[in-house]
Amino acid sequence: PCMSNIDQALGEYGMAHFSEKGKVRGKDYCIFFNSQWARLPQDLKKASRIQTFDLTASVLCSPSEVPDGGFPNRIPMVLRGNCTFYEKVRLAQINGARGILIVSKDKPLQLETRLSTRRLTFRSLFICLRLQTFGEGREVAMYAPNEPALDYNMVIIFLMAVGTVAIGGYWAGSRDIKKRYMKHKRDDSAEKQDEETVDVTPIMICVFVVMCCTMLVLLYYFYDHLVYVIIGTFCLASSVSLHSCLWPFVRRIPFGACRIPENNLPYCHKRPQVRMLLLSLFCIGVSATWCVFRNEDQWAWVLQDALGIAFCLYMLKTIRLPTFKACTLLLVVLFVYDVFFVFITPFFTKSGESIMVEVAAGPTNSSTHEKLPMVLKVPRLNSSPLALCDRPFSLLGFGDILVPGLLVAYCHRFDILMQSSRIYFVACTIGYGIGLLITFVALALMEMGQPALLYLVPCTLLTSLAVALWRKELPLFWTGSGFVVNTSLI
């Protein structure tokens, strides 16, 4: 799925601007609030300045913690814990407060909806995240600036996705044709292994889709246990993929071609080249670095995207769809799969949330707070003050790259076979780019996670089909005639 800034908690982010009394300049902190209880202006200049009362040494759960004189026309700041939000709000209200700021290190899963059913004359409850204590004499002004539905990070995701599909499809087609014309050549075992491909059959497609459905449902119910299995698998697969993608460039380096001495070490007894061994250590190091620092939102996403792109390129040049019929079957079945788990499953879940979106973004009730790594992710790049609150990411799943990418790779192989100046390849790649743009527009208009294959599959399949009809090559394109026969001789 394609998602942006998914926040499933019952509440919104805002800003609390603290300043000295009578002064404009100050410091902003993040707050979490429910807009049904408190309506905040979008501009700081329109926000009312209210004097605060620093009670952060207390949790305000009993009348004995209320200072003499109460909080007349002030906003007390208290610590979170020991009692419900309702009890804190009630004590603040009966002692003259205009609102209450509850200081917390973490955002609550949801603000208590019971507050709206109790007899309270104000519901100005704000959860202030990572606030420092200031002492007396400070004023606070609270506001909630709007964020645009689309962000510049969509451009980066678009370039990464289209670039991966184009490079992977071109590489897969060129590599496959080179293999056909050099089948008489016998190279060393490492290069032969690098040239292995897997032809996808209809039975394999059905088994794959059943496995995807099963794994997604298992992740939904047992996320905290299986997420570490997925992370470990990603580390292993991405390091192998990165090695496969970099080796064609590394082996052009004129030094390091000598082999290591004879030994009995695992994986080294075949005496690999020094440059291959160094590349393997580098790829393992990159993958291990990401694994250790994967939750560092400031920069770990760069490593995840690099490893993810390498994984997608490796899969595109390893998995081969031999006919357009196989391409159509795979894309249509996964099209239904994506739509079902995004739009239909909310009718069956207790929370009313999509299974696909819940798993991709990480369940809100997860005790591990881990995220699945099988996505390209880029943080929002706008300069909104709300960047202090969170570092929301826009996501694009690997499946939204790999599934259409396999069709692009088939189109390139067919272009070379028919000597058609890569018209199928270019047209299908452009169709993928158009489908991705439509996905982003739908994301902005509907403001919810989108099944990207809903837009990518029609754009790529119909574009390829239209080119085949225009060139009157549909029978050859559908069955891969000539290509299947020739590749079977390898």
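The shown structure was predicted, so the numbers you read here are calculated from the model rather than taken from an experiment. (Residues numbered from 1 in each chain as written. Predicted model: local features only at pLDDT ≥ 70, side-chain atom pairs only at ≥ 80, totals over all residues. Heavy atoms only, no water.)

S.K.: Which residues make up the environment of Trp290, and what are the values?
M.R.: Within the fold, Trp290 resides in helix H6 (residues 274-292). By relative accessible area, which is 2% here, Trp290 ends up buried. C-alpha separation for the pair Trp290 and Gln304, spaced 14 residues apart in sequence, amounts to 6.8 Å. A distance of 3.4 Å separates the side chain of Trp290 from the side chain of Gln304, its partner in a polar contact. (Helix = DSSP H or I, 4+ residues; strand = E, 2+ residues; numbered from the N terminus. Buried < 20%, exposed > 50% of the residue type's maximum accessible area, 1.4 Å probe, protein only. Polar contact = N/O pair within 3.5 Å; in protein donor to acceptor, adjacent residues only side chain to side chain.)

S.K.: Can you break down the state of the cysteines residue by residue, with the values?
M.R.: Scanning the model with the defined rule gives 1 disulfide in all. Note that Cys61 is cross-linked by a disulfide to Cys83, the S-S spacing being 2.1 Å. Judged by the sign of its S-S torsion, about -85°, the bond between Cys61 and Cys83 is left-handed. Pair noted here: Cys61 is in the loop between strand E4 (50-55) and strand E5 (75-79) and Cys83 is in the loop between E5 and helix H1 (85-94), with a separation of 22 residues, a long-range link. Owing to a relative accessible area of 22%, Cys61 belongs among the partly exposed residues under this scheme. We classify Cys83 as partly exposed; its relative accessible area is 23%. Lacking any disulfide linkage, Cys245 is separated from the closest cysteine sulfur, that of Cys283, by 9.0 Å. With no disulfide of its own, Cys291 lies 3.8 Å from the sulfur of Cys235, the closest cysteine sulfur. Since its relative accessible area comes to 25%, Cys291 is described here as partly exposed. (Disulfide = S-S within 2.5 Å.)

S.K.: An account of the packing of helix H8 (residues 324-344) against helix H10 (residues 399-418) is requested, with residue identities and associated values reported.
M.R.: Relative orientation of the contacting elements H8 and H10 amounts to 165°, with a least axis distance of 10 Å. Here H8 is positioned roughly antiparallel relative to H10, judged by the angle of their axes. Taken as a pair, H8 and H10 cross one another with a handedness that is left-handed. Residues Phe324, Cys327, Leu330, Leu331, Leu334 and Asp338 of H8 pack against Asp400, Val403, Leu406, Leu407 and Tyr410 of H10. A breakdown of the residues in the contact of H8 with H10 according to their chemical character gives 9 nonpolar, no polar and 2 charged. (Axes fitted to C-alpha atoms, helices over the stretch in contact; angles between N-to-C directions. Parallel < 35°, antiparallel > 145°, perpendicular 65-115°, else oblique. Left-handed = near helix turned anticlockwise from the far one by under 90°. Contact = heavy atoms within 4.5 Å. Nonpolar A, V, L, I, M, F, W, Y, C, P; charged D, E, K, R; others polar.)

S.K.: For unusual backbone geometry, give the residues involved together with the corresponding values.
M.R.: Look at His369: it is not a glycine, yet its phi comes out positive at around 60°. If you trace the backbone, His369 turns up in the loop between helix H9 (355-361) and strand E11 (375-379). Look at Lys472: it is not a glycine, yet its phi comes out positive at around 60°.

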